[in-house]
Amino acid sequence: MFPALETELKQEVGSHRPAELHRNPALDQKTLPDPYEDFMYHHLQYYGYFKAQRGSLPNSATHQSVWKNNPRYLLNSSLGERDDLILDTLQKEKLLWPTCLPSPVHNQIDAVSRDSLVLSSPLLRSRQLLYDDLNGVNPQLREPQDLFSFFSGRGPLQAPRWPIECEVIKENIHHIEWVPPEPEYFYQPTGNEKVPEIIGEEKGIVVYQLLSVPTKGSYFTSSRVGGKRGVIKEPTVMLQGPEDNTLLFESRFESGNLQKAVKVGTYEYELTLRTDLYTNKHTQWFYFRVQNTRKDVTYRFTIVNLLKPKSLYAVGMKPLMYSELDANIYNTGWKREGNEIKYYKNNTDDGQQPFYCLTWTIRFPHDQDTCFFAHFYPYTYSDLQCYLLSVANNPIQSQFCHLRTLCRSLAGNTVYLLTITNPSRTPEEAAAKKAVVLSARVHPGESNGSWIMKGFLDFILSNSPDAQLLRDLFVFKVVPMLNPDGVIVGNYRCSLAGRDLNRQYKTILKESFPCIWYTRNMIKRLLEEREVLLYCDFHGHSRKNNIFLYGCNNNDHKHWLHERVFPLMLSKNAPDKFSFQSCNFKVQKCKEGTGRVVMWRMGILNSYTMESTFCGSTLGSKRDTHFTTEDLKSLGYHVCDTLLDFCDPDQTKIHRYLIGSWVLEQVPDKQKRLRKILCSQTNHTIP
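Calculation notes
- In this convention, every chain numbers its residues from 1, walking through the sequence in written order.
- Totals for whole chains, interfaces and linings use every residue, but because this is a predicted model, local features are given only for residues with pLDDT of at least 70 and side-chain atom pairs only at 80 or more, for both listing and counting.
- No hydrogens and no water enter the side-chain calculation; it runs on all heavy atoms of the structure.
- The helix and strand labels rest on DSSP assignments: H or I over at least four residues marks a helix, E over at least two residues marks a strand, and numbering proceeds from the N terminus.
- Partly exposed residues are those whose accessible area sits between 20% and 50% of the maximum for their type, while under 20% is buried and over 50% is exposed, using a 1.4 Å probe and protein chains only.
- We call two residues contacting when some pair of their heavy atoms lies within 4.5 Å.
- Here, Shrake-Rupley sampling with a 1.4 Å probe gives the accessible areas, and only protein chains in the shown set may cover a residue.
- Here, nonpolar core means buried Ala, Val, Leu, Ile, Met, Phe, Trp, Tyr and Cys residues that are tied together by side-chain atoms lying within 4.5 Å of each other.
- The definition of a polar contact used here is a pair of N or O atoms within 3.5 Å, where within protein one atom must be able to donate a hydrogen and the other to accept one, and adjacent residues in sequence count solely through side-chain atom pairs.
- If DSSP finds at least two bridges between two strands, the strands pair.
- Axes, fitted as lines to C-alpha atoms, cover a helix only where it is in contact. Angles between the N-to-C directions of the axes lie from 0 to 180 degrees.
- Within this document, salt bridges are pairs made up of a side-chain nitrogen of Lys or Arg and a carboxyl oxygen of Asp or Glu, the two lying within 4 Å of each other.

Under an unreviewed UniProt entry, the name given to the chain is Cytosolic carboxypeptidase 2 isoform X6, and the source organism is Castor canadensis.

What follows concerns the overall build of the chain. A count of helical and extended segments in the chain gives 20 helices and 26 strands. Counting only residues that meet the buried cut, the chain has 54% of its 687 residues in that class. Long-range contacts, defined as pairs at least 24 residues apart, comprise 76% of the intrachain contacts of the chain with a sequence gap of at least 6. In the form shown here, the chain has an accessible surface area of approximately 32500 Å², with 51% of it arising from carbon and sulfur atoms.

Take the nonpolar core next. Core analysis: the largest hydrophobic core is formed by 117 residues, its most contacted members being Phe 249 and Phe 301. With 22 residues, the next largest nonpolar core counts Cys 407, Leu 417, Cys 515 and Met 599 among its residues.

Here we take up the side chain of Ser 409. With respect to the helices, strands and loops of the structure, Ser 409 is situated in the loop between β18 (401–408) and β19 (414–420). Side-chain polar atoms of Ser 409 contact the side chain of Asp 485, separated by 2.6 Å. Those residues in contact with Ser 409, other than ones at most four positions away along the chain, are Val 415, Pro 484, Asp 485, Pro 514 and Cys 515.

On to the sheet that holds strand β13 (residues 320–323), then. Within the open sheet, the 5 strands sit side by side as β8-β11-β17-β13-β14. Their pairing is antiparallel. The sheet is open, and its two edges are formed by β8 (248–250) and β14 (335–336), each paired on a single side. Judged from the 4 bridges that link them, strand β11 (residues 287–291) and strand β17 (residues 371–374) form a sheet pairing that is antiparallel. The residue bridging Tyr 287 from the neighbouring strand is Ala 374, located in β17.

All right, on to the sheet that holds strand β21 (residues 474–479) then. Strand order in the open sheet formed by 7 strands is β18-β19-β21-β20-β22-β24-β23, and the pairing between neighbours is mixed. Strands with a single pairing partner mark the edges of an open sheet, and in this sheet they are β18 and β23 (547–550). In this sheet, neighbouring strand axes are inclined to one another by 20° on average, regardless of whether the strands run parallel or antiparallel. Along the sheet face, helix α15 (residues 514–529) touches β18, β19, β20 (434–440), β21 and β22 (532–541) and points at about 130° away from the line of β18.

Further remarks concern the pattern of salt bridges. Inspection of every chain in the model, using the stated rule, returns 19 salt bridges. The partner of Lys 454 in a salt bridge is Glu 177, and the shortest N-O contact between them spans 3.9 Å. With Lys 454 in helix α12 (residues 448–460) and Glu 177 in the loop between β5 (161–163) and β6 (205–209), the pair connects residues that are 277 residues apart, well separated along the chain. With relative accessibility at 13%, the residue Lys 454 sits in the buried group. According to the relative accessible area criterion, Glu 177 is partly exposed, its value standing at 41%. The partner of Lys 194 in a salt bridge is Glu 268, and the shortest N-O contact between them spans 3.9 Å. Of the two residues, Lys 194 is situated in the loop between β5 and β6 and Glu 268 in strand β10 (residues 268–273); the sequence distance between them amounts to 74 residues. By relative accessible area, Glu 268 is classed as partly exposed at 28%.

Laid out in structure tokens, this is it:
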């Protein structure tokens, strides 16, 4: 180091060093602060951005205004993870404090650390070069810092960003996770279900309506935390007194999508769902809240603008209901409820696309309760963030699960990428690992995918010997929520571009479809490094029961029927949930832009879409019962279990399942004896 520069720095440090350093003379003699950090510390300190200093220094208000207009620069990373910045009101609205975590984590979040103000070496070195113990320079560079910051255990989460047209209520919606103690059976139609005539708002009373909702013809322009600024209008009618039994509706929260409610009888309501933003279609998912309930009376709800001619509601599926009083008193969560369930064509004809109706009756368990209804178990973007934060704060899991930002969505929400693998002992061992790529929620209304993904993550991050073995064998690349914008606003199928992202995997439009573009390119780079053994994207299905896979059909005789082995193995490991007979391996022209087809054409032989029903099982011990979140999470475990079977060095199972898949393709069901004979011949070659 140049002597003059070293002397000047020592003098600068001596005059401006923080008080904490003066308490340790030995440290003062051995270390020097990072000049950049020292400059930034004093710069921000001067302008009053630290505790007990705001407003007491000159020009503070001016610079606070500049700070408010640049909220995305949190500065806790660039200042050595210092968390003692005071946030103004606007900045607080942009952060979601992790209230879902236990108190020890909150204590960790509140802790303040300034250890990084000083370096462990007196030399001013580049932060990009690595040094060994003998001060030798390793020619390898450090891992680059993320272009987009990722939350740490010492900082808050960034709150979801909404389109500026959307009104958002301030309260946080949280549901407990709970599994019913008894199976929830399908609804059995009696044949006497009422088909209500649609009355409409001309003869009814509009009790809830959202007016500032973008539709077809408009397009996404910008976003902000909390959505629309200004006074939040009250879209619900005001109660006339304690005897007024009108239900109060609300859906302006994460994943909610009720557009309008019309009271057409004392206890009857017609509901209109909001279409996917910036489109005029895709009404299937629903999630809304009701208040001011009355016990011991029968209510009827009818959703009047569904678009699919066929639905699982026609074959026994029940809506989900959640009671806050039940959750608080009995610790019970979402339950399948409803009677007189009927799915039928709307009797109104406006000369355009036909609509379909879903009607059901319900009896609320309590007076003056707050209840929610949903198409399926909600799993929001904030739920994912809380889960990932718990992983980041786990000292064991964080050693083999690295969380990064893959990209920002169209609205600026973070798309997270997890890399899960055990540290390798040698470079050769690391290079020999194959990769597995998993993703979910490209269709935001298919929350089934998030519950399967959660089950997978719970298992692969556990201390189970099988999980440790999988982490030794593979590098897992996981994108748990591909379409966070759609999840946040309550879309069923599209992103804020008004397009189905699972048809855009061939796109070159990085700005329009960033989540897909970056995912595809991440996988492309991964293929250059190592073999990708398996790709699977988790979805939900609205017309078929059970869980099944869509794959691709290879005409190469060398790999003939190979794509069917993993699904057939999975059906054996989860016989009461997974149906091999429902699997499909055709590559249709309309599916050329899907993830599974594009990844298959990129060279991933085992490329699948996993479809999970919104309803339940028709198989084995779970026949005619609805799936719970625990059932879906168990599929995440079974994916891991099947992966171990699939990679077993003993190829006996592979040969047996290859023969079994050929039998299922070629032999009629009635010839069971021939099937058993062929499946038992493990060394049989496929004709």
